[in-house]
Amino acid sequence: MQDGFIKVAVATPEIRVADCVFNTAAAVGMARRAAQCGARLLVLPELCLTGYTCGDLFLRETLIEGARAALASLCAQTRALPVLIVAGLPVVSGAKLYNCAAVVYQGRVLGIVPKTHLPNYGEFYERRWFVPAPDGSCGFVRGYGEGEVPFGRMLFQCEELGEFCFAVELCEDLWAPVAPSAAYAAAGATVIANLSASVETVGKDDYRRALVTGQSGRLVCGYLYANAGEGESTTDLVFSGHSMIAENGSMLAQTGRFEQTMAVSEIDVQRLAFERRRLTTFPAGDAQSFLTIPFSMPLTETKLTRPVPALPFVPPKGPGRDQCCAGILQVQAHGLKKRIDHTGAKTAVVGISGGLDSALALLVCVRAMELLGRPRTDVHAVTMPCFGTTARTRGNAQIICERLGVTFSCVDITASVRRHFADIGHDEAVRDVTFENAQARERTQVLMDIANETGGLVVGTGDLSELALGWATYNGDQMSMYGVNASVPKTLVRHLVAYEAERACDDALRAALCDILDTPVSPELLPPDDGAIAQKTEDLVGPYELHDFFLYHVLRWGFSPHKTLRLALYAFGQAYPRETILYWMRTFYRRFFAQQFKRSCMPDGPKIGSVSLSPRGDWRMPSDASAALWLSEVEKL
């Protein structure tokens, strides 16, 4: 539970219709299994202590009392387990019978939640036996625990971790136009448990899956869906036990159909709480309208099993990866198309170095011109060799320009930079920041002047990772008239260039793009070492895959250094020692805060993902903000 991770489980125990003793034993077995897995919340199916398909037997006193005894037995047999158990049973309150979920914890019934929306159509006739949950505030019921047990709609909240607040709805409640979970989530519930008995028909699993993930996304919550399965009557219906765990629109774990098994994963309630604070559209509900039941659960470290990708910006492997890459390139190209069309630019001028960023920017420029119905020659690609340029990168730059059919020119800036050094009295032998930045600014001046000369605009090549680290020369490569890569992190740039290389019909173009992918990332501002690149960016600022990981979890989810470190160690495994990750994490925070002034005046550029550093939208931070709190936490780690 530390860092907000709650291990949860959904399970479908084998049952026998109307055999409460057998069903209780099966539920206890699942609870023990969940405890062994480290789960702290277990959700079982609807009416699992009796069976969902009991029919008119529900109204018989024998079954009602059997269910009551089953709940008492479940409490007694799980008293020593550190697991919240949500199990379904029929409950009598007053003169009526309700389809309910009982929340059991360490031998005590914390509360009983009745079903709100009862189906009475097709194969479901619940209103024949049950009545809907009563309106109004939560009441109490006797005979199902020690003294009076809360009965109605309520929230269950952990005293040690307030973000762990859950509520319960039952099956058809989710299908209703306005589900009870909407009010629960607005009131503070970050986890919704659903006890269900959803019949299996052709295509129903896909519909059910979409419904559960969609609800978790709409409510920004964890959604635990436990479905009835083996043992239910098959007189007219078949139940498959398809159970799921979803979080904020993503499926974390699910059981297969007709598998008598359990799905286990972790819900990150801190992440959900952050997202709700960030979203101004998420309602501020009234927690006072629900009875809140507190429970105590000591904070322990949860072993992670949920997917945490090492490359969070890169589309996951699968049939949708190519479609995602194509979509990103479309966003970039359409953004540039609009800017060219709006300004009436005759050309798109881009500096091409033979590196990843400029290659991607060039590919986007070509797409934009095609969208405009204009010739590729309206793209003016300019390579500007100087002290650090190698034959490899210069050659690749020329090849991709020629094979793409754009206008290509070479402007050697060596003499211009040397003249500038003479003007300011700088010794060329001193390879300092002046030596490096003068080249970057000269290149930007050349591009701007060519754009003026051709009636065009300069297309920026810098990516999101460089903006985050401030790895750009102020008023040099930091400046352009439209930055197509502004919200594309370096790891994604690499993947997009690889995608385009795979699609290339021209062998020479494909070979050049592949060689660019194999070339070390470098600004090439220092003279080569025996013809090879001497200045490797990742040796200086750190591995981009680590920095992109930090960027995603720190910016997108607001995680602390402690939690980000924990996730990095989990995601990268043995790839990086703890000390290495901490070293580069310190670099990330230090540079991110110190270099905000460069981002405060960054050019326009299209947003393509959930993380952007545009000062006009996603990221507004004063340039003088201190990193002291974050660096202090890193030091303690």
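Analysis parameters
- Residues numbered from 1 in each chain as written.
- Predicted model: local features only at pLDDT ≥ 70, side-chain atom pairs only at ≥ 80, totals over all residues.
- Heavy atoms only, no water.
- Pairing = 2+ DSSP bridges.
- Helix = DSSP H or I, 4+ residues; strand = E, 2+ residues; numbered from the N terminus.
- Contact = heavy atoms within 4.5 Å.
- Axes fitted to C-alpha atoms, helices over the stretch in contact; angles between N-to-C directions.
- Phe/Tyr/Trp six-rings, centres within 6.5 Å; stacked < 30°, edge-to-face > 60°.
- Buried < 20%, exposed > 50% of the residue type's maximum accessible area, 1.4 Å probe, protein only.
- UniProt positions renumbered as here; feature names shortened; annotations may be inferred.
- Polar contact = N/O pair within 3.5 Å; in protein donor to acceptor, adjacent residues only side chain to side chain.
- Expected span 1.5 Å × (residues − 1).
- Salt bridge = Lys/Arg side-chain N within 4 Å of Asp/Glu carboxyl O.
- Core = buried A, V, L, I, M, F, W, Y, C linked by side-chain atoms within 4.5 Å.

K.L.:
Where do I start with the sheet that holds strand S22 (residues 482-483) in this structure?
P.N.:
The pairing of strands in a sheet comes from backbone hydrogen bonds and takes either a parallel or an antiparallel form. Strand order in the open sheet made by the five strands is S20-S19-S18-S21-S22, with parallel pairing throughout. Both outer strands of the open sheet, strand S20 (407-410) and S22, are each paired with one neighbouring strand and no more. Pairing geometry for strand S18 (residues 348-351) and strand S21 (residues 457-460), over two bridges, is parallel. Considered in S21, the bridge of Val-349 is made with Val-458. Those strands touched by helix H7 (residues 321-343) are S18, S21 and S22, and its axis lies near 165° from that of S21. Across the sheet, helix H11 (residues 433-454) is in contact with S18, strand S19 (379-383) and S21; its angle to S18 comes to roughly 160°.

K.L.:
I would appreciate a short explanation of the packing of aromatic side chains in the present structure.
P.N.:
Aromatic rings considered in pairs are described by the distance between their centres and by the relative angle of their planes. Applying the stated criterion across every chain, the model contains 26 aromatic pairs. Between Phe-58 and Phe-130, the ring centres sit 5.0 Å apart and the planes meet at 55°, which makes this aromatic pair tilted. With Phe-58 in the loop between strand S2 (41-43) and helix H2 (61-77) and Phe-130 in the loop between strand S7 (124-125) and strand S8 (139-142), this residue pair connects regions lying 72 residues apart in the sequence. Across this residue pair, the class does not change: Phe-58 and Phe-130 are buried. The interplanar angle of 85° and the centroid separation of 5.5 Å between the aromatic rings of Phe-313 and Tyr-552 together place this pair among those described as edge-to-face. Remark: Tyr-552 occurs in helix H16 (residues 544-556) and Phe-313 occurs in the loop between strand S17 (291-295) and H7; sequence separation between them is 239 residues.

K.L.:
What's the story with the UniProt feature "binding site: deamido-NAD(+)" (unreviewed entry) in the chain in this structure? I'm lost.
P.N.:
In this numbering, the UniProt entry assigns the feature "binding site: deamido-NAD(+)" (unreviewed entry) to Asn-437, Glu-466, Trp-471, Ala-472, Thr-473, Tyr-474 and Lys-598. Mapped onto the elements of the fold, Ala-472 is located in the loop between helix H12 (464-469) and S22. Setting aside anything within four residues of it in sequence, one finds Ala-472 in contact with Asp-477, Gln-478 and Lys-598. Turning to its location among the elements, Thr-473 is positioned in the loop between H12 and S22. Sequence-distant contacts of Thr-473, defined by excluding residues within four places in its chain, comprise Asn-437, Ala-440, Arg-441 and Gln-478. Engagement of the side chain of Thr-473 in a polar contact is seen with the side chain of Asn-437, the distance being 2.9 Å.

K.L.:
Would you mind showing me how to read H11 here?
P.N.:
Each full turn of the α-helix corresponds to 3.6 residues, which orients residues three or four apart in the same direction. A rise of 1.5 Å per residue sets the reference length of H11, with its 22 residues, at 32 Å; its end C-alpha atoms lie 32 Å apart and thus fit the reference within 8%. Sitting at the amino-terminal end of H11 is Asp-432, which places a side-chain oxygen 3.2 Å from the backbone nitrogen of Thr-434. At the exit of H11 stands Gly-455, carrying a positive phi of roughly 70°.

K.L.:
Please explain the pairing of strand S12 (residues 191-196) as it appears in this structure.
P.N.:
The two faces of the sheet receive side chains in turn, since in a regular strand these alternate between them. With six of its six residues buried, S12 lies for the most part within the structure. Alternating residues of S12 divide into Val-191, Ala-193 and Leu-195 and Ile-192, Asn-194 and Ser-196, and every residue in both groups is buried.

K.L.:
Could you clarify how one ought to interpret the pattern of salt bridges in this entry?
P.N.:
Any two side chains of opposite charge can pair, so long as their charged atoms come close to each other. All told, the structure shown has 34 salt bridges when counted by the stated rule. Salt-bridge contacts for Arg-142 lead to Glu-148; the nearest nitrogen and oxygen are separated by 3.8 Å. Take Arg-142: its relative accessible area is 58%, and that puts it in the exposed class. For Lys-490, the salt bridge identified is with Asp-357, shortest N-O distance 2.9 Å. Taken together, the positions of Lys-490 in helix H13 (residues 490-503) and Asp-357 in helix H8 (residues 356-372) put the pair 133 residues apart, joining distant regions of the chain.

K.L.:
Explanation requested: the nonpolar core in the structure shown.
P.N.:
Buried together is how nonpolar side chains tend to be arranged in soluble globular proteins. Core analysis: the largest hydrophobic core is formed by 87 residues, its most contacted members being Leu-336, Leu-362 and Ile-400. In terms of residue count, H8 provides more of this core than any other element does, 11 residues in total. Filtering out sequence-adjacent residues up to four positions away, Ile-400 remains in contact with Ile-352, Ala-359, Leu-362, Leu-509, Ala-512, Leu-513 and Ile-516. Counting residues in hydrophobic clusters, the runner-up holds 57 residues, among them Val-43, Leu-84, Cys-165 and Phe-295.

K.L.:
Whenever I open this one, the UniProt feature "binding site: ATP" (unreviewed entry) in the chain confuses me. Can you help?
P.N.:
The UniProt feature table records "binding site: ATP" (unreviewed entry) at Gly-351, Ile-352, Ser-353, Gly-354, Gly-355, Leu-356, Asp-357, Ser-358 and Thr-461. For this annotated set, covering 111 residues, all C-alpha atoms fall within 11.9 Å of each other, a compact arrangement in space. Position of Gly-354 relative to the elements: it lies in the loop between S18 and H8. On the accessibility criterion, Gly-354 (2% relative accessible area) is buried. Gly-354 has contacts with Thr-393, Ala-397 and Ile-516, leaving out every residue within four places of it along the chain. Among the structural elements, Gly-355 can be located in the loop between S18 and H8. Classification of Gly-355 as partly exposed rests on a relative accessible area of 23%.

K.L.:
Before we go on, may I ask you to explain unusual backbone geometry in this structure?
P.N.:
At Gln-106, a residue that is not glycine, the phi angle is positive and equals roughly 50°. Examined against the element boundaries, Gln-106 turns out to sit in the loop between strand S4 (96-105) and strand S5 (108-114). Residue classification places Gln-106 among the partly exposed residues on the basis of a relative accessible area of 38%. The backbone of Val-220 shows a phi angle near 50°, a positive value even though the residue is not glycine. Given the relative accessible area of 3%, Val-220 is considered buried.

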